[in-house]
Amino acid sequence: TGQPKGVMIEHHSVVNLALAQAKELSLIPQDIRNLEQQNCVFYANYVFDAHVSELFTIISNGHQLHILRDDIRQDTELLTQYIDLYDVSIATMPPTILNTDNLLNLKTLVIAGDTVSQMVMEYYAQNNVQIINAYGPSETTVCATLNHYKNGDSHANIGKPIDNVKVYILNEYLQVLPQGAIGELYISGVGVARGYLNQAELTAENFIINPFQSDVEKHSNQNSRLYKTGDLVRYLPDGRIEYIGRNDFQVKIRGIRVELGEVESKLLAYPGIKQAVVLARERSVDSLEIITNHNSSSKYLIGYYVSDIQ
């Protein structure tokens, strides 16, 4: 745990992502002659999977991509000024950059990487910004589901699958769960990766045979595998999906997967420490405002240890 894994994504999976995302973002006109070029920002670091969605979705559909300098990426005021100056209409942003002090004057805001506070989502919706809450692990080509936010939606509503993706909410025996029951999310479809590079055992553990594959799908060799996400979700009454949390000790801090057990093992490596436990906590809004102006960056790690020194 805690070590980077190479995920083998095939070209057709990226093509599907670019086409599906473009449709959801209204980047593909029915008549190419009516294409209205959009200004979009390239925010994600190129080593983070989100850049695949930003890069290929935008440029392969004829729109302009603005590559941001690091100082602009990390400063909400500079980012706000840049968006206004260049009339940027679409951006994918991590929750840590969003707050109610600096409105990013966008047409469409895609939120990805982690959940954002309800207050921030309502703030943007009230200012006529279309909000799309996107969800998806790297193992299923960046984005698997998304939700077009409506007033009153939960901030953890991750919507429905994008084109050519199927999802299943299952219990520990791989049985389908009814509406409202919490279970683990499994994903199939064209976005599922080949597996992990040079890690056959881990691939076999997380990419399993799809027991729900239809005869038609078997004949065309589609949806043959499920990716086991480790995320707990449930169906809402309207068929959309609500994210609940993890079924293991993995947490997300500023959109980055963190294994608590790995942090504990690092603490135990220090001389004089015989026991350690690490937990993820959330700061209250009041205390957070003293520490940072990013009011959605509320998660932090706290470690406890027992010393063998008397």
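Structural data are supplied above this passage.
Cut-off values and rules
- Residues numbered from 1 in each chain as written.
- Predicted model: local features only at pLDDT ≥ 70, side-chain atom pairs only at ≥ 80, totals over all residues.
- Heavy atoms only, no water.
- Helix = DSSP H or I, 4+ residues; strand = E, 2+ residues; numbered from the N terminus.
- Buried < 20%, exposed > 50% of the residue type's maximum accessible area, 1.4 Å probe, protein only.
- Contact = heavy atoms within 4.5 Å.
- Lys, Arg positive; Asp, Glu negative; His and termini not counted.
- Charge placed at Lys NZ, Arg CZ, Asp CG, Glu CD.
- Pairing = 2+ DSSP bridges.
- Right-handed = clockwise from strand over helix to strand, strands pointing away.
- Polar contact = N/O pair within 3.5 Å; in protein donor to acceptor, adjacent residues only side chain to side chain.
- Salt bridge = Lys/Arg side-chain N within 4 Å of Asp/Glu carboxyl O.
- 1 Å grid on protein atoms, 1.4 Å probe; cavity = no way out; pocket = protein on both sides within 12 Å on 5 of 7 lines; lining within 4 Å.
- Points joined across faces, edges and corners; volume = space filled by probe spheres on them.
- Nonpolar A, V, L, I, M, F, W, Y, C, P; charged D, E, K, R; others polar.
- Axes fitted to C-alpha atoms, helices over the stretch in contact; angles between N-to-C directions.
- Parallel < 35°, antiparallel > 145°, perpendicular 65-115°, else oblique.
- Phe/Tyr/Trp six-rings, centres within 6.5 Å; stacked < 30°, edge-to-face > 60°.
- Lys NZ or Arg CZ within 6 Å of the ring centre and 35° of its normal.

(A) View of the overall build of the protein chain. Counting its secondary structure elements, the protein chain contains nine helices and 18 strands. For the protein chain, the spread of C-alpha atoms along the three principal axes comes to 75 × 55 × 40 Å. Every one of the 310 residues in the protein chain was classed for burial, and the buried ones make up 45%. The long-range fraction of contacts in the protein chain, counting pairs at least 24 apart against all pairs at least 6 apart in sequence, stands at 54%. For the protein chain, the centre of its 24 positive side-chain charges and the centre of its 35 negative side-chain charges are spaced 4 Å apart.

(B) How the structure looks around the pairing of strand E5 (residues 108-111). Of the two faces of E5, both are covered, the one formed by Thr108 and Val110 as well as the one formed by Leu109 and Ile111. Pairing analysis gives four bridges linking strand E4 (residues 90-93) to E5, with the strands arranged parallel. Of the residues in E5, the one forming a bridge with Met93 is Ile111. The sheet contact formed by E5 and strand E6 (residues 130-135) spans four bridges and is parallel. Directly across from Ile111, in E6, lies its bridge partner Asn133. In this fold, E5 hands off to helix H5 (residues 118-126), which returns the chain to E6; that crossover is right-handed.

(C) Molecular detail of the environment of Asn164. If you trace the backbone, Asn164 turns up in the loop between strand E8 (157-161) and strand E9 (165-170). Once residues lying within four places of it in the same chain are set aside, the contact partners of Asn164 are Asn16, Gly189 and Val190. Here Asn16 takes part through its side chain, which lies 2.6 Å from a polar atom of the side chain of Asn164.

(D) Molecular detail of the pattern of salt bridges. Overall, the coordinates contain ten salt bridges when judged by the stated rule. Between Arg240 and Asp153 there is a salt bridge; the shortest N-O distance is 2.9 Å. Here Asp153 lies in the loop between strand E7 (145-148) and E8 and Arg240 lies in the loop between strand E13 (225-235) and strand E14 (241-246), a separation of 87 residues in the sequence. The same class applies to Arg240 as to Asp153, namely buried. In this structure, the salt-bridge partner of Asp238 is Arg240, at a minimum N-O distance of 2.8 Å. Through salt bridges with shared partners, a single network forms among Asp153, Asp238 and Arg240.

(E) Structural detail: unusual backbone geometry. Look at Ser26: it is not a glycine, yet its phi comes out positive at around 60°. Here Ser26 lies in the loop between helix H1 (11-24) and strand E2 (39-42). Looking at Ser26, the relative accessible area reads 57%, which means it is exposed. The backbone of Thr141 sits at a positive phi, close to 65°, despite the residue not being glycine. Structurally, Thr141 is set in the loop between E6 and E7. A residue is classified by how much of its surface remains accessible, and Thr141, at 4% relative accessible area, is buried.

(F) How the structure looks around helix H8 (residues 260-268). If you check which residues of H8 are buried, you get Leu260, Glu262 and Glu264. Summarising the contacts, the buried residues of H8 are in contact with strand E15 (250-253), strand E16 (256-259), strand E17 (273-282) and strand E18 (299-307).

(G) Structural detail: the layout of surface pockets. Each pocket or cavity is described by its volume, and for the second largest pocket that value is around 330 Å³. The set of elements that each furnish at least two residues to the lining of the second largest pocket consists of H1 and E9. Looking at the lining of the second largest pocket residue by residue, the classes come out as four nonpolar, eight polar and four charged.

(H) The packing of H1 against helix H2 (residues 50-59), seen in detail. Running from N to C, H1 and H2 cross one another at 70°; their axes reach a closest spacing of 9 Å. Comparing their axes, H2 and H1 come out roughly perpendicular. On H2, the residues that touch Val14, Leu17, Ala18, Gln21 and Ala22 of H1 are Val52, Ser53, Phe56 and Thr57.

(I) Focus on the packing of aromatic side chains. The tally for this structure, following the rule as stated, stands at six aromatic pairs. Seen in terms of ring centroids, Tyr82 and Tyr86 are 4.5 Å apart; in terms of plane orientation they differ by 40°. Their pairing is tilted. For the pair Phe207 and Tyr227, a centre-to-centre distance of 5.0 Å together with 45° between the ring planes defines the contact as tilted. Placement of the pair is Phe207 in strand E12 (residues 207-209) and Tyr227 in strand E13, with a sequence separation of 20 residues. Taking relative accessible area as the criterion, Phe207 reaches 6% and is therefore assigned buried. Among the aromatic residues, those joined into a cluster by ring pairs are Tyr196, Phe207 and Tyr227. Across the ring face of Tyr43, the terminal group of Arg73 is positioned such that the distance to the ring centre comes to 4.9 Å.

(J) Here's a closer look at empty space enclosed by the protein. Scanning all chains against the criterion turns up one cavity of 30 Å³ or more. If you add up the space inside the largest cavity, you get close to 30 Å³. Contributing to the lining of the largest cavity are Ser13, Asn16, Leu17, Thr140, Thr141, Cys143, Ile162, Val165 and Gly191. The element contributing the most residues to the lining of the largest cavity is H1, with three residues. Here the residues of the lining of the largest cavity sort into four nonpolar, five polar and no charged.

Function-wise, these values are silent; they only describe arrangement.
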